[in-house]
Amino acid sequence: MLDQANIDELRSRAIPEQHNFIDNQFVINPTAKRLAVDSPIDGKVFTSICDSSSEDVDAAVLAARAAFNRGEWSKAAPAYRKKILLKWAEIIEQHAIEIAVLGARDNGTDINTAIKGEPLGAANTLRYYAEAADKLYGEIAPTSDAVLGLIHREAVGVVGLIIPWNFPLMIAAWKLGPALAAGNCVVLKPAETASLTLLRIAELAALAGMPAGVLNVVTGLGRSCGEAIGLHMDIDVLAFTGSGAVGRRLLEYSARSNLKRIYLELGGKSPNIIFADASNLDRVAKETAASIFRNSGQVCVAASRVIVQNSIKAELCEKVLSYARSYRVGDPLSLRNNVGAIANLGQLQVIEDKVQRGIAEGATLALGGKRILADSGGYYFAPTIFVDVEPTMSIACEEIFGPVLAIIGFDTMDEAIEIANSTQYGLSSVVWTSNLTTAHTMIQALQAGVVQVNCFSGADLTVPLGGVKQSGNGSDKSLHGFDKYINVKTAWISLDPN
Ligand code: NAD
């Protein structure tokens, strides 16, 4: 149970300067550049992290490769990896409040969302993959009796993971779970503005008994630490969640180095399509507001474009505005608030710029549109709604990754499909209708990795999350989450004695 006094005690703790976690220990590099870490709650610096150089990344990769080659993790029975991963999940859960407070200080997510999504969500994910570790079999190919065709599933080796700042633990766990359960060793780089909780859970992994070198965390900027991971000659697979711009760079790094496999989970501009026959418009409005204002819209699947049938547009807009006004934005560590801060100053400026472009392009600003609580020194932005948006306007096409909703009208289903599919993205989508034929037609027509009908965020770990078009390749979550981190190897054995 979250308790304000406990949260306040945890937030008052001093955080010492942080170091890379390599070979199960924090490694102090006295010559390393340091990066100050400021809190989006009040803009004040409260600790620092290492800006890792390519030498620091080399040390982490060497540790991971040595651990992989030793085999105590990679060649062990999957049941052994399961045991350690389950223990790790249990320890993370025991430290959930401490971790959630640390995370909120680092990236501004409100404590209620942080605790569920981050330590508890990560523990849940690690358990899912731990449990799967000893239930996945290889295959025997349907050959003639003269041969035996075996298909082995093998760990790929050293996996690089580059993680964004919005839900660092949850997103990392979607990758760490399958990568580690499959027997790989990992070098993980958190976002420079959200590294603290990942360093902390790496320490807890060692406490759970994970062998040295299996999980290594190196911190730093994208252009230093991230680039060194991307260009490294001894990383076999690199899985990334973040922006399309960085995704493109990673593909280039791969081409310039060892052709490591690159998996990308990128941005979105998810459409939320509301037909006039949607039942319970009040619920639709409530979930529409939640989908874009939760965590200040810093959610990859945030439904940032409402595409609503014109006959109900005015009524829907009124209801969404009313729910939007009910959000309490402020200090993420106060239990009174349900929306925290924008994760960092750079992102706040991106949101401000994109909102100004929307105004300049002629969209009607119906709510918000500005930074709030600036006196606190923190990075807060008001829930913002634009109505009468044209599908070609930048606020309708470009990801903002902030609490900004664009509402667009349509008349026919064909028009709704055309607008929904008109961006470069294809991550998630939502459809509200009480007509089964409309629902099925939309599921087939929408260019998206996920289509949710009459619900938002209904998907759990059992189903994949991944995008099409420029939202990425591959997917996290579900048993398909393993695919990125295994090689399939064929053994073809002749049974003919001659
Ligand atoms: P970002 O691309 O700026 O940064 C992501 C990570 O890449 C960080 O760790 C950063 O340090 C690193 N990086 C930056 N430059 C690099 C370089 N040159 N080489 C290597 N690494 C580099 O993204 P962000 O701002 O942290 O996150 C927001 C983006 O992430 C949004 O576009 C959002 O939609 C996307 N996202 C997608 C999903 C998904 O599942 N598809 C989930 C969450 C976030």
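The text that follows walks through the structure, step by step, so that each part is easy to find. It should be emphasised that the depicted structure is a prediction, and the values quoted were computed from it without experimental measurement.

What counts and how
- All residue numbers refer to position in the chain's written sequence, counted from 1.
- Side-chain atom pairs in this predicted model are given and counted only at pLDDT of 80 or more, local residue features only at pLDDT of at least 70, and totals for whole chains, interfaces and linings cover all residues.
- Values shown for side chains rest on all heavy atoms present in the structure; no hydrogens or waters enter the calculation.
- For helices, the fitted line uses only the C-alpha atoms of the stretch in contact; every axis is such a line through C-alpha atoms, and the angle between N-to-C directions lies from 0 to 180 degrees.
- Secondary structure is summarised from DSSP: a helix means a run of H or I of at least four residues, a strand means a run of E of at least two, and numbering begins at the N terminus for each.
- For classification purposes, an angle smaller than 35 degrees is called roughly parallel, one larger than 145 roughly antiparallel, one from 65 to 115 roughly perpendicular, and anything else oblique.
- Only heavy atoms enter the contact rule, under which two residues are in contact if any of them lie within 4.5 Å.
- Summary of the burial criterion: residues with accessible area below 20% of their type's maximum are buried, those above 50% are exposed, and those between are partly exposed, where the area comes from a 1.4 Å probe applied to protein chains only.
- Two strands are said to pair when DSSP picks up at least two bridges between them.
- Whether a crossover is right-handed comes down to one check: with the strands pointing away from the viewer, does the path from the first strand over the helix to the second run clockwise; if it does, it is right-handed.
- When we say a residue is near a molecule or strand, we mean one of its heavy atoms is within 4 Å of it.
- Counting of polar contacts relies on pairs of N or O atoms within 3.5 Å, with two restrictions inside protein: one atom must be capable of donating a hydrogen and the other of accepting it, and residues adjacent in sequence are counted only when both atoms are side-chain atoms.
- Method for areas: the Shrake-Rupley scheme with a 1.4 Å probe, in which residue coverage is limited to the protein chains shown.
- Side-chain rings of Phe, Tyr and Trp, where Trp is taken by its six-membered ring, are said to pair if the distance between their centres is within 6.5 Å; with planes under 30 degrees apart they count as stacked, over 60 as edge-to-face, and otherwise as tilted.

1. A look at the packing of helix H3 (residues 78-94) against helix H6 (residues 168-181)
Step number 1: Direction vectors running N to C along H3 and H6 enclose 155°, while the axes themselves pass 10 Å from each other. Classed by the angle they form, the pair H3 and H6 counts as roughly antiparallel. Packed against H3, whose contacting residues are Arg81, Leu85 and Trp88, the element H6 presents Leu176, Leu180 and Ala181 at the interface.

2. Some points on the pairing of strand S10 (residues 237-241)
Residues in a regular strand point their side chains to alternate faces of the sheet.
Step number 1: Of all the five residues making up S10, five are buried; the element is thus mostly covered by neighbouring parts of the structure.
Step number 2: Neither face of S10 is exposed, since Val237, Ala239 and Thr241 on one face and Leu238 and Phe240 on the opposite face are all buried.
Step number 3: Both strand S7 (residues 158-162) and S10 contribute to a ladder of four bridges, which runs parallel. Residue pairing for S10: leucine 161 is matched across the bridge by alanine 239.
Step number 4: Pairing of S10 with strand S11 (residues 261-265) involves five bridges; the strand directions are parallel. Along S11, the bridge assignment pairs threonine 241 with glutamate 265.
Step number 5: For the crossover from S10 across helix H9 (residues 244-256) to S11, the handedness is right-handed.

3. Notes on the site of the ligand
Step number 1: Looking at the ligand, there are 28 residues lining it, with Lys189, Glu192, Ser243, Leu266 and Glu399 nearest.
Step number 2: Here an oxygen atom of the ligand sits 2.5 Å away from a polar atom, N or O, in the side chain of serine 243.
Step number 3: At a separation of 3.0 Å, a nitrogen atom of the ligand approaches a polar side-chain atom of tyrosine 253.
Step number 4: In isolation the ligand offers 850 Å² of accessible surface; the protein chains occlude 91% of this area.
Step number 5: Elements with a contribution of two residues or more to the shell around the ligand: helix H8 (222-231), S10 and H9.

4. Quick look at the sheet that holds strand S21 (residues 486-494)
Step number 1: With antiparallel pairing, the three strands of this open sheet are ordered in space as S5-S6-S21. Because the sheet does not close on itself, it has two edges, and the strands there are strand S5 (139-140) and S21.
Step number 2: Across two bridges, the pairing between S5 and strand S6 (residues 147-155) is antiparallel. Within S6, the position partnered with glutamate 139 by the bridge is isoleucine 151.

5. Examining H8
Step number 1: Those residues of H8 that sit buried are Cys225, Gly226, Ala228, Ile229 and Gly230.
Step number 2: Along its buried surface, H8 packs onto helix H2 (54-70), S7, strand S8 (185-189), S10 and H9.

6. Quick look at the environment of alanine 172
Step number 1: Tracing the chain through its elements places alanine 172 in helix H6.
Step number 2: For the pair alanine 172 and leucine 161, spaced eleven residues apart in sequence, the C-alpha to C-alpha distance is 7.7 Å.

7. Describing the packing of aromatic side chains
Step number 1: On inspection of all chains with the given rule, the structure shows seven aromatic pairs.
Step number 2: An angle of 80° between the planes, with centres 5.0 Å apart, marks the rings of tyrosine 128 and tyrosine 129 as edge-to-face.
Step number 3: The buried category is assigned to tyrosine 129, whose relative accessible area is 0%.
Step number 4: With 5.3 Å between their ring centres and 70° between their planes, tryptophan 165 and phenylalanine 401 make a pair best called edge-to-face. Of this pair, tryptophan 165 sits in the loop between S7 and H6 while phenylalanine 401 sits in the loop between helix H13 (394-397) and strand S18 (404-410), and the two are 236 residues apart along the sequence. A single burial state applies to tryptophan 165 and to phenylalanine 401, both of which are buried.

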